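Remarks on the overall topology
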Amino acid sequence: MKCKICGSENIFEENGQFVCKSCGAKFFEAPTDDAEAVIKEAQEAIEAREAEKAAKAAEEAKAAEEAEAALRAEEARIAEQVLSEAENENSEPEEAAREAAEETEAEEAAEEAPQEVKIFEKGEPLYEAQKMADEPLEEPADEAEGAEAETAEEADEEGDGKKKKSAMREVLDFCLPIIIALIVAMLLKTFVFANAQVPTGSMLNTIQEGDRIIASRIEYNFHEPERYDIIIFKNPDDVAAHKDDPSHKVQFFVKRIIGLPGETVEIVNGVVYVTDKDGKSEQLKDDFVTACTPTGNYGPYEVPEGSYFVMGDNRENSVDSRFWTTTNYVDKNLIIGKVKFSYYPSVHKLE
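Notes on the structure in this doc start here. Being a predicted model, the structure only gives us computed values, none of them experimental.

From N to C terminus, the chain includes four helices and 15 strands. When each of the 351 residues of the chain is scored for burial, the buried share is 24%. Contacts in the chain between residues far apart in sequence, at least 24 positions, make up 58% of those at least 6 positions apart. Carbon and sulfur atoms form 53% of the exposed surface of the chain, whose accessible area is close to 25400 Å².

Here is a general trend for soluble globular proteins: nonpolar side chains tend to be buried in one another's company. By size, the foremost hydrophobic cluster in this structure holds 13 residues, and its most contacted members are I207, I213, I230, I232, V254, V339 and L350. Contributing elements (two or more residues each) for this core: β4 (193-197), β5 (212-216), β6 (230-234) and β14 (335-344). Apart from residues lying up to four places away in sequence, L350 is in contact with T206, I207, I213, I230, V339, K340, F341 and S342. I231, Y308, V310 and W324 belong to the second largest nonpolar core, which has 12 residues in total.

Here we take up the packing of aromatic side chains. Enumeration over the complete set of coordinates arrives at seven aromatic pairs. Each ring, one from F233 and one from F253, has its centre 6.1 Å from the other, and the planes form 85°; the classification is edge-to-face. A residue pair is termed long-range when its members are at least 10 positions apart, and F233 in strand β6 and F253 in strand β7 (residues 252-259) qualify at 20 residues. One aromatic cluster in this structure is built from F233, F253 and W324. In this structure, R256 packs its charged tip against the face of F288, placed 4.1 Å from the ring centre. Of note, K285 hangs over the ring of Y228, and the distance from its end group to the ring centre comes to 4.8 Å.

Our next topic: the pairing of β6. Most of β6 sits out of view: four of its five residues are buried. The pairing of β6 with β7 spans five bridges and is antiparallel. Within β7, the position partnered with F233 by the bridge is F253. Where β6 lies against β14, three bridges are found, and the strand directions are antiparallel. In the sheet register, I232 faces β14, and the bridge partner there is G337.

Turning our attention to the sheet that holds strand β11 (residues 298-302). Overall, antiparallel pairing links the four strands, which are arranged β10-β9-β8-β11 in an open sheet. Since the sheet does not close on itself, it has two edges, and those belong to β10 (281-283) and β11, each with one partner. Here the average twist between neighbouring strands, direction ignored, is 20°. Here strand β8 (residues 264-268) pairs with strand β9 (residues 271-275) via five bridges, running antiparallel. From the neighbouring strand, T264 faces β9, where its bridge partner is T275.

Turning our attention to the side chain of S321. Along the chain, the position of S321 falls in the loop between β12 (307-311) and β13 (330-331). A distance of 2.9 Å separates a polar side-chain atom of S321 from the backbone nitrogen of V310.

Turning next to a nonpolar patch on the surface. On the surface, a nonpolar cluster with roughly 500 Å² of combined accessible area is contributed by L172, L176, I180, V184, L188 and F193. If you tally residues by element for the nonpolar patch, the top one is helix α3 (residues 141-191), at five residues. Structurally, the position occupied by L176 is in helix α3. On the basis of relative accessible area, L176 is assigned to the partly exposed category, the value being 42%.

Turning our eyes to something else, we now look at the side chain of D238. Relative to the helices and strands, D238 is located in helix α4 (residues 236-241). Lacking a salt bridge, the buried D238 has K234 as its closest oppositely charged neighbour, with an N-O distance of 9.8 Å. When sequence neighbours within four positions are dropped, the list of residues in contact with D238 reads H248, K249, V250 and Q251.

For the structure shown, the criterion picks out 11 salt bridges. Between E305 and K277 there is a salt bridge, with the nearest N and O atoms lying 3.4 Å from each other. Taken together, the positions of E305 in the loop between β11 and β12 and K277 in the loop between β9 and β10 put the pair 28 residues apart, joining distant regions of the chain. Residue K277 is classed as exposed on the basis of its relative accessible area of 60%. Close ionic contact of E351 with K349 constitutes a salt bridge, the shortest N to O distance being 3.4 Å. Residue K349 is classed as exposed on the basis of its relative accessible area of 62%.

Side-chain positions along a regular strand alternate between the two faces of the sheet. Of the two faces of β9, only one is covered, namely that formed by V272 and V274; the face formed by V271, Y273 and T275 stays uncovered. Here β8 folds back onto β9 in antiparallel fashion, the turn holding two residues, of which N269 has a positive phi close to 55°. Summarising the sheet, β9 and β10 pair through three bridges and their orientation is antiparallel. Within the sheet, the bridge partner assigned to Y273 lies in β10 and is Q283. The turn joining β9 and β10, which pair antiparallel and follow one another in sequence, is formed by five residues; a positive phi near 85° is taken by G279.

Criteria and thresholds
- Note that residues are indexed from 1 along each chain, following the sequence as it is written.
- Local features in a predicted model are, by the rule used here, given only for residues with pLDDT of at least 70; side-chain atom pairs are given and counted only at 80 or more, and totals for whole chains, interfaces and linings are based on all residues.
- To obtain the side-chain values, all non-hydrogen atoms of the structure were included, while hydrogens and water were left out.
- For the purposes of this entry, the term helix denotes a DSSP run of H or I that reaches at least four residues, the term strand denotes a run of E that reaches at least two, and both are numbered from the N terminus.
- Any residue under 20% of the maximum accessible area for its type is buried, any over 50% is exposed, and the rest in between are partly exposed; the area is computed with a 1.4 Å probe on protein chains only.
- Throughout, a residue-residue contact means that at least one pair of heavy atoms, one from each residue, lies within 4.5 Å.
- Surface accessibility in these figures is a Shrake-Rupley result with a 1.4 Å probe; residues are shielded only by whichever protein chains are displayed.
- The criterion is simple. A nonpolar core is a set of buried Ala, Val, Leu, Ile, Met, Phe, Trp, Tyr and Cys residues joined through side-chain atoms within 4.5 Å.
- Two rings from Phe, Tyr or Trp (for Trp, the six-membered ring) form a pair when their centres sit within 6.5 Å of each other. Planes less than 30 degrees apart are called stacked, planes more than 60 degrees apart edge-to-face, and all others tilted.
- Any Lys NZ or Arg CZ found within 6 Å of a ring centre and within 35 degrees of that ring's normal is scored as a charge over the ring.
- Strand pairing is defined by DSSP finding a minimum of two bridges between the two strands.
- Axis angles are defined between N-to-C directions and span 0 to 180 degrees, where every axis is a line fitted to C-alpha atoms and, for a helix, only to the segment in contact.
- Side-chain atoms alone can form a polar contact between residues adjacent in sequence; in general such a contact is a pair of N or O atoms within 3.5 Å, and within protein one must be able to donate a hydrogen while the other accepts it.
- In this analysis, a patch consists of residues with relative accessible area above 30% that form no salt bridge, clustered at 9 Å for like charges and at 5 Å for the nonpolar side chains Val, Leu, Ile, Met, Phe, Trp and Tyr.
- Just to be clear on terms, a salt bridge is a Lys or Arg side-chain nitrogen sitting within 4 Å of an Asp or Glu carboxyl oxygen.
- When charges are tallied, Lys and Arg are placed among the positive residues and Asp and Glu among the negative ones, while His and the ends of the chain are skipped.

Take a look at the structure:
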């Protein structure tokens, strides 16, 4: 058997119908090999499909026409509504103008109409009252001039007072933002940030000589200092030498934390080893030491509680915990803050 549509022989029976697997055509009778019958049935199937498409297209066209008609009707309704509102708005001003014109005409007519004035004869009850009303009141010239002078003087004083208040207001408006900004800057510098310039190369190549840096004063309010933190602190030797001189300006140092409280630090041939409280030793990383090749043997140093062992990244040119005379450690109370970034000559984060 062959399909009447595509000629395929791949046909199977399903639910009393014959179905072509190639094109999906369905037949109620088994396809025959009669060419004319096949062609006729194919034409009929094609015509049926075309008719179905035409009907569907007609329905879609009808629906489009109905939608377009509805849209036009809605547009017409909106246009009529807008036109009606515009006419109402135009009519209101015209009516108001007409009423105003009528009122003006009435007032002019009343002013032009002759007024009847009754003159009383001498001896009548209202004669004296009319005579007094016709006579103009006169004020002494001196009193009038004095009142005018006082009024002018008061006006001048009031004007001068307003000018003074205006000038003071302008000065206050100009100075107030500057004063507020200065106060905020002082508070931030005193309680939040620390600004410093690094004068030496002890932290090369992490911090260059002459760099300006910013440290957070509040960093260690939330957690303890950690290994490898870069900190600003008061020089312990300088603090000890001038502890009785409160006016002395203490020298600040910038170094990196190496040993934590309770640890033992030892340097062998320039390599740093740390032993914790449990006796576990480890070699510390030194990838930030790039300006020199560390040498020398130092220690061991047993870091006290509440103190830290610090070193500069430029190990061969740094005055740090290895070389101080009064102590080898930085007490936590001497730490100003954790260095966060450099802002001059370039802005970059410091770690």
